[in-house]
Amino acid sequence: MKLPKKKEKEFTAKIRQIKELEQQKKQTEETISALKEEIKAYMDKNKTSELKVDIFTAHYTETETERFDSKAFRNADEELYNQFVKKVTTKRFSIT
């Protein structure tokens, strides 16, 4: 779709801002992850599941979850699996 010059300039600025913010978000998430890993490594080394500092308490505990293994279910009974497969249509926004 060809845009009028004014709209093209407006959307170019918006898309550039999105790309810049996404990069900042990625860097922030990497920093957060590194900080968490450092704290978890300290807690592991000191064999503690709770770390109290200032007004904060960090918890690092094992949890157990149950997950449905859809791949194994499909292999075990594909006909039954197909009866419960639900197709969903969504819209995806991306910038390349």
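Residues numbered from 1 in each chain as written. Predicted model: local features only at pLDDT ≥ 70, side-chain atom pairs only at ≥ 80, totals over all residues. Heavy atoms only, no water.

With respect to the packing of aromatic side chains
Two measures describe an aromatic ring pair: the distance that separates the ring centres and the angle between the ring planes.
Alright, step 1. A full pass over the atoms with the stated rule returns two aromatic pairs.
Alright, step 2. Ring centres 6.1 Å apart and planes at 65° place the aromatic pair Phe-73 and Tyr-81 in the edge-to-face group.
Alright, step 3. Using a relative accessible area of 24% as the deciding quantity, one classes Phe-73 as partly exposed.
Alright, step 4. By way of ring pairs, the aromatic residues Phe-68, Phe-73 and Tyr-81 are connected into one cluster. (Phe/Tyr/Trp six-rings, centres within 6.5 Å; stacked < 30°, edge-to-face > 60°. Buried < 20%, exposed > 50% of the residue type's maximum accessible area, 1.4 Å probe, protein only.)

Focus: unusual backbone geometry
Alright, step 1. In the Ramachandran plot, Lys-47 falls in the positive-phi region, its phi being about 50° despite a non-glycine side chain.
Alright, step 2. Here Lys-47 is to be found in the loop between helix H1 (5-45) and strand E1 (50-53).
Alright, step 3. For Asp-54, which is not glycine, the phi dihedral falls at a positive 50°.
Alright, step 4. One can find Asp-54 in the loop between E1 and strand E2 (56-59). (Helix = DSSP H or I, 4+ residues; strand = E, 2+ residues; numbered from the N terminus.)

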